[in-house]
Amino acid sequence: MSRDHVEFVQAQELAWEADPVFPGLERKLLSVDHDTGARTQLQRYPEGYQRSDPQGLACNEEFFVLEGCFYLNQFVYSPGCYGFFPAGFERSKCYMPENAVVLRFFDHEPALYSSDKAGADARAQGREAIPCLDTYRMSWDTTVHDVRLTHLGLARKNLRIDPVTGQRTFLFMTSPQSHPINFRGLQESHPTPEESYQISGDLSGHLGTMHAGAYFWRPPHIPHGPFGTRGGSVSLIRFVEGEHVNIWTDEQHAFNYNPPYQPVLPDWMERKGRFRPAPNY
Ligand SMILES: [Fe+2]
């Protein structure tokens with residue numbers, strides 16, 4: 001895998017652009033693998049968009065609906081719905097009665113299935129579709145966590161564990177007014193890339209305070225944290241191409257609720273302006 005380190009960008013700072021892969025749709029490219037074409041992007045569908053011809057892609061896709069209600073295959077999707085379509089899985093009867101924005105994760109270049117059937121079938125091997133999972137209908141799992149993250153008052157909704165690589169996709173929540181005890185804590189790292197899109201709230205860490213729309217792709221073995229939050233947060237997180245393992249540093253690092261924004265961004269990512277969260281007063 002060779003994706004650039006992106007940590008972190010507020011998606012509001014990126015411009016919508018025509019998607020060369022999906023005519024008629026717009027995208028905000030968040031990260032891309034320069035070797036395989038794997039990518040993560042926001043996809044915007046215009047009101048009235050429809051297609052009825054079955055279409056499959058040559059890559060596996062995970063997706064999460066951020067905005068808009070729409071029809072696809074035999075399901076009705078709304079914000080908070082998640083799905084996994086293995087390579088070759090057909091999409092049909094698509095109709096968007098209103099604007100929709102979907103967070104899409106492709107594990108290879110999203111070419112048509114017909115262009116690479118052998119490769120697609122190999123990528124789909126052993127992987128079952130999750131057509132539609134309404135995450136609002138799931139309860140938070142508060143029982144499983146690393147004690148070194150106790151201060152976050154966290155919980156999780158597991159969306160998918162890949163049966164081949166063990167990689168996990170889940171929603172992650174932190175409780176309001178949470179910070180490391182004595183404002184100092186350990187840093188963690190992982191043997192796999194960690195990817196996150198923040199859905200709501202705020203989360204402060206070593207590179208700044210993330211708000212809804214914050215995205216990062218962090219390559220393996222980069223220490224991060226400690227984290228804290230004033231208002232609580234919900235993020236969609238993926239540990240890619242392997243199991244989720246936490247490796248902790250020995251030394252303590254300081255935390256504060258107002259860290260300076262110090263992004264690590266690739267040259268190809270152009271920001272159109274600076275996102276500033278609305279004040280609460
Ligand atoms: Fe992490």
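The residue numbers shown here count from 1 along each chain, following its written sequence. With pLDDT at 70 or above as the cut-off, local features in this predicted model cover only qualifying residues; side-chain atom pairs require 80 or more to be listed or tallied, and sums for whole chains, interfaces and linings still use all residues.

So, the sheet that holds strand β6 (residues 61-67)
Thought 1: Strand pairing requires that DSSP identify at least two bridges connecting the strands. The helix and strand labels rest on DSSP assignments: H or I over at least four residues marks a helix, E over at least two residues marks a strand, and numbering proceeds from the N terminus. Taken together, the 7 strands give an open sheet; going across it, the order is β2-β3-β4-β11-β6-β9-β12, and neighbouring strands pair in antiparallel fashion. Edge positions in the sheet fall to β2 (17-18) and β12 (130-134), since each of these pairs with one other strand and no more.
Thought 2: By the bridge criterion, 4 bridges tie β6 to strand β9 (residues 81-85) in an arrangement that is antiparallel. Note on β9: the bridge partner recorded for F63 is G83.

Description of unusual backbone geometry
Keep in mind that most residues, glycine aside, have a negative phi and that most peptide bonds are trans.
Thought 1: The residue after E7, namely F8, is reached through a cis peptide bond having omega -15 degrees.
Thought 2: Position of F8 relative to the elements: it lies in strand β1 (residues 6-10).
Thought 3: Backbone geometry at H221 places phi at a positive 65 degrees, although glycine is not the residue there.
Thought 4: Structurally, the position occupied by H221 is in the loop between β19 (214-218) and β20 (233-239).
Thought 5: Positive phi is not limited to glycine here, since E241 has a value of about 70 degrees.

Looking at the domain arrangement of the chain
Thought 1: Structurally, the chain comprises domain 1 (7-136) and domain 2 (138-254).
Thought 2: Here domain 1 and domain 2 have C-alpha centroids that lie 24 Å from each other.
Thought 3: Throughout, a pair of residues is in contact if the C-beta atoms placed from their backbones lie within 7 Å. The partner domain 2 presents 21 residues to the 20 residues of domain 1 that form the contact.
Thought 4: When contributions to the side of domain 1 that touches domain 2 are tallied by element, the ones reaching two or more residues are β1, β3 (26-32), β6, β9, β11 (100-106) and β12.
Thought 5: The leading source of residues in the side of domain 1 that touches domain 2 is β1, at 4 residues. All domain edges in this entry derive from an automatic or database-based domain assignment.

Remarks on the pairing of strand β4 (residues 39-45)
Thought 1: Residue burial here comes from a neighbour count, namely the number of other C-beta atoms, placed from the backbone, that lie within 10 Å of the residue's own C-beta, with 20 or more meaning buried, 12 or fewer meaning exposed, and in between meaning partly exposed. The buried fraction of β4 amounts to 6 of the 7 residues, a majority that puts the element mostly inside the structure.
Thought 2: Taking the residues that link successive antiparallel strands as the turn, the β3-β4 hairpin has 6 residues, and the phi of G37 there is positive, at about 85 degrees.
Thought 3: Bridging between β4 and β11 involves 7 bridges; their strand directions are antiparallel. Its bridge partner being in β11, Q41 is matched across the sheet by R104.

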